[in-house]
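Residue-level listing of the chains:
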Amino acid sequence: MKRLAPFALGFCFALTVGAWAPATPLTRAEPMLTEWGAKVTPENVWRDYPRPQMVRREWTSLNGLWNYRIWDVTNGIPEKYDGEILVPFAAGSSLSGVARYPGHTNCLWYARTFSANPRKGYRTLLHIDGSDFRTQVFVNGVEVTDVPHETAQLALTCDITAQLKAGENKLDIETWDPMGGNALTGYSSGKQTLRPDACFYTPSTGIWAPVWLEEVPETHITGYKATPDLDAGAVDVLVDGEGDVKGAAARVEVRVGDQVLTSATVAEWGKPVRLVLPKPVKAWSPETPFLYDLRITLGDDEVRGYFGLRKFEVRKDPQGVLRFYLNNEVYFAIGTLDQGWWPDGLLTPPSDEAMAFDILALKKMGFNMMRKHIKVEPMRYYHLCDKLGILVLQDMPSGWGDLNGRYGRYRAELKGMIDQLYNAPSIVMWIPYNERWGQPKQAQTSWTLTWVKRYDPSRVVDGPSGWSDYEGGFWKSLDGKGALTPTQHLPEGVKESADVIDFHAYPGPVMLPVNSHRATFIGEFGGLGYKTKGHVWYPDARGWGYGGTGKDETVAPVESKYHALMDKLALLAGEGLAGSVYTQTTDVEQEINGLLTYDRRHFKFDVAKLKAAHERVCAAAVRGATCKAVSTTLLPRFAPNAWRYSFTAPAEGWEQPTFADADWKISTGGFGSKHLRPAAKVATPWHTKDIWLRTTFDGTQADVDEVFANIYHDEDTEIYLNGELLLSLKGYNHGYDPFAIDVARFRTFVKPKGNVLAVHVKQTYGEQYFDMELIVRGFEKR
């Protein structure tokens with residue numbers, strides 16, 4: 001692969017402030033560098049080919065030091081500059097060397113020179129793979145953007161041939177970010193904000209992805225779409241070209257290394273060619289991420305790419321439950337909410353090695369998927385996902401403002417994102433909306449989902465992730481008291497247009513009922529907060545997480561909570577849950593609910609235990625799909641006069657089977673005060689700080705593969721079986737949630753007859769309630 005031919009680089013006049021170095025962040029007293037950020041220099045920054053899905057031999061990287069100036073939006077091309085900025089890092093980042101936010105009344109200008117030797121019969125293309133928000137490009141003082149490029153997410157390509165001259169050329173790029181002003185609302189700003197707080201972060205203005213030059217023949221390939229067909233053992237390739245394509249024939253080859261497996265010639269532009277692969281075919285999956293090579297030629301132009309032969313769909317399992325299937329096998333998609341933010345580069349990862357670390361860290365922890373949240377990554381990122389093997393659920397970045405007024409811009413950006421990312425086999429789901437952020441009302445939401453499903457039928461489409469699911473595949477929203485209000489059918493006149501029904505619950509997990517319309521999915525849950533000393537963005541008391549503010553002195557109780565969530569998730573997976581997304585991969589600035597610290601230097605929990613827990617969840621899903629469950633309720637909910645109870649502290653040994661409880665009162669659960677949530681049904685009033693309860697049940701002769709208790713507890717609860725501690729629960733929940741019980745411990749302590757279950761519940765503040773049922777389950781292979 002050639003670089004710097006036929007171009008050479010240089011700089012125009014600059015008021016140089018000093019040698020480049022990481023700058024002090026906008027919201028922190030000193031830089032926080034990852035190990036890869038610490039290795040970045042102007043000479044080595046982002047030097048690999050930026051678009052691995054469509055590679056040409058001759059290209060030139062323009063990443064490195066540029067001149068920059070921040071000045072009034074009404075001014076033209078500057079002649080003097082404020083200093084140097086390291087591209088491709090956004091101006092607000094440490095690695096840019098600037099760490100400034102221009103503000104909506106100013107523009108951020110970039111400038112440099114390069115030498116060219118234009119060749120007859122060739123075009124020169126300038127690529128800017130990411131720039132926030134409005135971008136205009138000038139070559140030798142003449143604008144080459146026919147229309148200003150307005151997006152924070154998508155790549156820009158300009159044909160600069162007409163303004164190019166032999167020798168030195170001057171390149172000026174103006175960027176403008178409306179954040180903070182009223183000039184424009186509704187653009188896809190994603191997670192950035194002027195005042196970082198909770199789950200929103202430092203603004204990221206200007207160029208944030210690679211900038212590069214490419215020379216192509218007059219008649220050349222502009223792109224292709226590779227659509228795999230696993231069942232047919234084939235791939236359909238649609239080639240696009242530009243120039244004198246009439247009568248020109250493009251040739252498509254599928255290769256493994258230097259070996260040509262099959263080939264075809266494009267007979268008619270605008271129609272794909274089908275290439276049937278020799279058997280046995282090799283499928284792509286996270287476990288075996290095999291990629292076939294593509295070579296496409298059109299006259300003197302040649303590009304190289306790849307595709308993965310994979311099939312991801314929603315279909316019914318043998319029990320009739322809608323689940324995810326990968327390559328015709330039940331596949332539980334388990335992953336994290338992945339923000340893709342970096343303490344040193346913000347939106348821009350420091351290097352390939354840094355991106356690979358994040359992906360491999362997820363795999364090391366036993367995840368097979370990530371939800372790429374409210375962000376479009378550089379193309380090399382998706383290449384690494386394809387190559388290393390991980391499923392990607394891709395969000396469309398959100399925007400704000402006038403929902404109707406922004407709808408056209410949103411749809412255009414959504415289409416642009418799908419087109420840009422289409423050839424990444426790792427992407428298996430599009431998520432057009434998240435938590436009502438920038439989401440219009442029912443009709444426009446439905447039109448969007450319908451269009452995405454029609455435009456790319458090779459992938460799954462998520463309904464609105466979180467809530468505001470107007471089609472109501474099985475539910476509508478939360479009612480005023482927080483209980484789910486499902487609907488058994490679609491509203492009149494509305495057709496189904498998504499494959500997935502997606503609910504968020506913190507900490508959760510909470511699963512919507514299995515239904516006949518869509519696969520049931522948890523798009524976000526967890527978010528347990530923990531501050532790892534020496535690795536936090538704000539060293540002071542600030543820290544935010546969905547599941548806590550990080551006040552635990554040690555990580556042990558947080559890790560214990562995490563594994564309790566995974567136990568509960570395994571039960572849901574067995575019952576029909578198709579997949580889940582834990583919040584989140586890493587801490588981000590004030591948000592401390594990552595499994596890794598923001599600087600990527602520390603895993604918070606034991607990695608081997610995480611991997612084992614996640615494997616158990618996936619195994620439970622496969623077992624639930626392929627086996628018949630036989631359940632036995634050993635202790636039913638609301639059983640009449642099932643409990644003996646005491647409001648006063650009993651003598652020592654109260655949890656033992658031999659304890660004399662004859663003088664305790666007898667009544668029916670649940671026990672509690674007046675409770676606001678409808679799931680709480682108070683049969684026996686309880687207003688003291690503590691309650692002690694005892695009951696008996698008989699065991700079962702059936703094979704026991706799974707034991708769990710559906711428990712509504714408010715607050716701290718300890719449960720003993722025949723004198724041995726079975727469960728310890730801190731805090732409170734909002735309904736009858738399943739809690740897994742260790743099967744080996746249960747088998748050790750349970751007896752055929754006369755088992756004693758003893759419970760202590762401690763109330764701290766607010767409402768109070770307790771009730772439970774105990775269920776064992778065996779599985780029979782179908």
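Computed from a prediction, not measured in an experiment: that's the story for all the values here.

Draft legend 1. Spatial organisation of the sheet that holds strand E44 (residues 724-729). Pairing in this open sheet of six strands is antiparallel, and the strands run E38-E37-E41-E46-E43-E44 from one edge to the other. Strand pairing shows two members of the sheet lacking a second neighbour, strand E38 (665-667) and E44, which therefore form its edges. Each strand axis lies, on average, 25° off the axis of its neighbour in the sheet, ignoring direction. Sheet topology note: the strand E43 (residues 716-721)/strand E46 (residues 755-762) ladder contains six bridges and is antiparallel.

Draft legend 2. Region of interest: the sheet that holds strand E28 (residues 391-395). If you walk across this open sheet you meet the eight strands as E30-E29-E28-E27-E26-E35-E34-E33, and the pairing is parallel. Each edge of the open sheet carries a strand with a single partner, namely strand E30 (460-461) and strand E33 (500-505). With two bridges connecting them, strand E29 (residues 427-431) and E30 associate as parallel partners. Bridging from a neighbouring strand, Met-429 pairs with Val-460 of E30. Sitting on the sheet, helix H3 (residues 407-421) touches E28 and E29, and the angle it makes with E29 is about 175°.

Draft legend 3. Looking closely at the pattern of salt bridges. The final tally for this structure, using the stated rule, is 44 salt bridges. When the shortest N-O distance is used, the salt bridge between Arg-56 and Glu-214 registers 3.4 Å. Here Glu-214 lies in strand E15 (residues 211-217) and Arg-56 lies in the loop between strand E2 (8-10) and strand E3 (58-61), a separation of 158 residues in the sequence. Glu-214 shares its class with Arg-56; the two are buried. For the salt bridge of Glu-302 with Arg-295, the shortest nitrogen-to-oxygen distance reads 3.9 Å. Overall, Glu-302 belongs to the partly exposed group, its relative accessible area being 26%.

Draft legend 4. Quick peek at the packing of aromatic side chains. In total, this model carries 31 aromatic pairs according to the counting rule given. Between Phe-290 and Tyr-292 the ring centres are 4.9 Å apart and the planes differ by 85°, which places this aromatic pair in the edge-to-face class. The exposure class of Tyr-292 is buried, given its relative accessible area of 3%. Relative to Phe-647, the ring of Tyr-645 lies with its centre 5.3 Å away and its plane at 55°, an arrangement referred to as tilted. Its relative accessible area of 10% is what places Tyr-645 among the buried residues. With relative accessibility at 29%, the residue Phe-647 sits in the partly exposed group.

Draft legend 5. Quick peek at the layout of surface pockets. Taken as a whole, the second largest pocket encloses approximately 1,000 Å³ of empty space. Along the walls of the second largest pocket sit 38 residues, with Arg-51, Thr-157, Thr-222, Asp-419 and Gln-420 positioned nearest its centre. Within the residue set of the lining of the second largest pocket, elements represented by two or more residues are strand E7 (122-128), strand E12 (156-159), E15, strand E16 (220-229), strand E17 (234-242) and H3. Tallying contributions element by element places E16 first for the lining of the second largest pocket, with six residues. Partitioned by chemical class, the residues of the lining of the second largest pocket number 17 nonpolar, 11 polar and 10 charged.

Draft legend 6. Region of the structure containing the side chain of Gln-590. With respect to the element layout, Gln-590 can be found in the loop between strand E35 (579-583) and helix H6 (607-626). Gln-590 gets classed as buried once you look at its relative accessible area, which sits at 6%. There is a polar contact of 2.9 Å between the side chain of Gln-590 and the backbone oxygen of Phe-200. If we skip the residues at most four places from it in the chain, Gln-590 touches Pro-196, Asp-197, Ala-198, Cys-199, Phe-200, Tyr-201, Trp-537, Tyr-538, Gly-543 and Trp-544.

Draft legend 7. Structural view of H6. Between its first and last C-alpha atoms H6 spans 29 Å; for 20 residues at 1.5 Å apiece the expected length is 28 Å, and the two agree. Listed in full, the buried residues belonging to H6 are Val-607, Leu-610, Ala-613, His-614, Val-617, Cys-618, Ala-620, Ala-621, Gly-624 and Ala-625. Down the axis, H6 shows its buried residues gathered within 150° of arc, on one side only. Seen from the open side of H6, the exposed residues pointing more than 90 degrees away from its buried face are Ala-608 and Lys-609. As for H6, its buried residues are in contact with strand E24 (322-326), strand E25 (329-330), strand E26 (333-338), helix H1 (352-364), helix H5 (556-575) and strand E36 (627-635). Its side-chain oxygen at 3.1 Å from the backbone nitrogen of Ala-608, Asp-606 defines the N-terminal cap of H6.

Draft legend 8. Broad picture of the pairing of E28. Most of E28 is tucked away, with five of its five residues classed as buried. Along E28, one buried face is formed by Leu-391, Leu-393 and Asp-395 and the opposite face, lined by Val-392 and Gln-394, is buried too. As defined by bridge partners, strand E27 (residues 369-372) adjoins E28 across four bridges and the pair is classed as parallel. Paired with Lys-372 across the strands is Gln-394, a residue of E28.

Rules used throughout
Residues numbered from 1 in each chain as written. Predicted model: local features only at pLDDT ≥ 70, side-chain atom pairs only at ≥ 80, totals over all residues. Heavy atoms only, no water. Pairing = 2+ DSSP bridges. Helix = DSSP H or I, 4+ residues; strand = E, 2+ residues; numbered from the N terminus. Axes fitted to C-alpha atoms, helices over the stretch in contact; angles between N-to-C directions. Contact = heavy atoms within 4.5 Å. Salt bridge = Lys/Arg side-chain N within 4 Å of Asp/Glu carboxyl O. Buried < 20%, exposed > 50% of the residue type's maximum accessible area, 1.4 Å probe, protein only. Phe/Tyr/Trp six-rings, centres within 6.5 Å; stacked < 30°, edge-to-face > 60°. 1 Å grid on protein atoms, 1.4 Å probe; cavity = no way out; pocket = protein on both sides within 12 Å on 5 of 7 lines; lining within 4 Å. Points joined across faces, edges and corners; volume = space filled by probe spheres on them. Nonpolar A, V, L, I, M, F, W, Y, C, P; charged D, E, K, R; others polar. Polar contact = N/O pair within 3.5 Å; in protein donor to acceptor, adjacent residues only side chain to side chain. Expected span 1.5 Å × (residues − 1). Arc of directions from axis to C-beta.

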